[in-house]
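Architecture at a glance
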Amino acid sequence: VSSAFNHHSWTCLPDWLPFEDSCYFISTMNRIWKNSQEFCAERGGHLAIIHTAEEQYIIMESLFIIICHWNAYWFGISDEKLEGSWQWVDGTELVGGFWEVGEPNNHINEDCGYIVKTQVLSRKPTSSWYDAPCSMSLPFICEKEVPSKTAV
Ligand SMILES: [Ca+2]
Ligand SMILES: [Ca+2]
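Below is a summary of the structure that appears in this document. Quick caveat: nothing in here was measured; it's all calculated off a predicted structure.

**Let's talk about the coordination of the calcium ion (ligand 2)**
- With distances of 2.1 to 2.7 Å, the protein atoms coordinating the calcium ion (ligand 2) are Glu103 (OE), Asn105 (OD1), Glu110 (OE), Asp131 (O) and Asp131 (OD).
- We note that the donor set of the calcium ion (ligand 2) lies within a single chain, spaced as E-x1-N-x4-E-x20-D.
- On the basis of relative accessibility, which here comes to 37%, the residue Asn105 falls in the partly exposed class.

Okay, here's the thing in structure tokens:
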């Protein structure tokens, strides 16, 4: 199967972008956080889990600027289970992270994480995460790990 994204020994589905051992889907539709996670899970993935600055950069690069100022996308982190204890959707604890200065602040009972991309040049991918109410309807980022190369 030929695809523009077929740079590796595996192929991401159409509309999914490859990076290292994952494929990423950037939605153009809005969902509340929980439903966006379900959308990803139905496709064999999950909301994006971002462990490295490289991954954060490539995802940020891929996000659409649909409205001119504030483009927010859900990813796979929440502190719904225990306030202030941030967990990835795979149940692992957040170590570090790429929060904006002053975030997460639980400002209005905010338990889900989004990434903001703006046209402001000074915005750094490594300080682009915010917490927000999980009931907000936003676009989102799915990630799907490619099958292990040894598991053919
Ligand atoms: Ca919170
Ligand atoms: Ca916040």
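**Quick look at the sheet that holds strand 2 (residues 22-26)**
- In spatial order, the strands read 1-2-8-3; together these four strands make up an open sheet with antiparallel pairing. What marks the edges here is a single partner per strand, and that holds for strand 1 (16-19) and strand 3 (46-47).
- Relative to strand 8 (residues 141-145), strand 2 runs antiparallel, the two sharing five bridges. Residue pairing for strand 8: Cys23 is matched across the bridge by Lys144.
- Relative to strand 1, helix 2 (residues 53-62) is tilted by about 155 degrees, and along the sheet it contacts strand 1, strand 2 and strand 8.

**Observations regarding the packing of aromatic side chains**
- Using the criterion set out here, one finds 12 aromatic pairs in the structure.
- Between Trp88 and Trp129, the aromatic rings sit 5.8 Å apart at their centres with planes inclined by 90 degrees, giving edge-to-face as the arrangement. Taken together, the residues span a long stretch of sequence, with Trp88 in strand 5 (residues 87-88) and Trp129 in strand 7 (residues 129-132) at a distance of 41 residues. Here Trp88 and Trp129 have matching classes, each one buried.
- Connected via pairs of aromatic rings, a cluster forms that spans Phe75, Trp86, Trp88, Phe98, Trp99 and Trp129.

**A word on the state of the cysteines**
- Overall, the coordinates contain three disulfides when judged by the stated rule.
- Linked covalently through their sulfurs, Cys12 and Cys23 form a disulfide whose S-S length is 2.1 Å. For the disulfide bridge between Cys12 and Cys23, the dihedral angle about the S-S bond is near -90 degrees, and by the sign convention the bridge is left-handed. Taken together, the residues span a long stretch of sequence, with Cys12 in the segment before strand 1 and Cys23 in strand 2 at a distance of 11 residues.

**Observations regarding the pattern of salt bridges**
- Going through the model one piece at a time under the given rule, you end up with two salt bridges.
- In this structure, Glu38 engages Lys34 in a salt bridge whose closest nitrogen and oxygen atoms are separated by 3.4 Å. Taken together, the positions of Glu38 and Lys34, both in helix 1 (residues 33-42) and four residues apart, correspond to about one turn of that helix.
- A residue is classified by how much of its surface remains accessible, and Glu38, at 36% relative accessible area, is partly exposed.
- Judged by relative accessible area, which is 52%, Lys34 ranks as exposed.
- Between Glu42 and Arg43 there is a salt bridge whose closest N-O contact spans 3.6 Å.

**Details of the coordination of the calcium ion (ligand 1)**
- For the calcium ion (ligand 1), every protein donor is listed as Asp79 (OD), Asp79 (OD), Glu83 (OE), Glu83 (OE), Asn106 (OD1), Glu110 (O) and Asp111 (OD), and the spread of their distances is 2.3 to 2.7 Å.
- Each donor residue of the calcium ion (ligand 1) belongs to the same chain, with the gaps between them written as D-x3-E-x22-N-x3-E-D. Residue Glu83 is located in the loop between strand 4 (71-78) and strand 5, and its partner Asp111 is located in the loop between strand 5 and strand 6 (112-117); the two are separated by 28 residues in the primary sequence.
- Given the relative accessible area of 43%, Glu83 is considered partly exposed.

Scoring rules and cut-offs
Residues numbered from 1 in each chain as written. Chains lettered and ligands numbered in written order. Predicted model: local features only at pLDDT ≥ 70, side-chain atom pairs only at ≥ 80, totals over all residues. Heavy atoms only, no water. Donors = N, O, S within 2.8 Å, 3.2 Å for Na, K, Ca; no water. Buried < 20%, exposed > 50% of the residue type's maximum accessible area, 1.4 Å probe, protein only. Pairing = 2+ DSSP bridges. Helix = DSSP H or I, 4+ residues; strand = E, 2+ residues; numbered from the N terminus. Contact = heavy atoms within 4.5 Å. Axes fitted to C-alpha atoms, helices over the stretch in contact; angles between N-to-C directions. Phe/Tyr/Trp six-rings, centres within 6.5 Å; stacked < 30°, edge-to-face > 60°. Disulfide = S-S within 2.5 Å. Salt bridge = Lys/Arg side-chain N within 4 Å of Asp/Glu carboxyl O.

The analysis is restricted to geometry; functional conclusions fall outside its scope.
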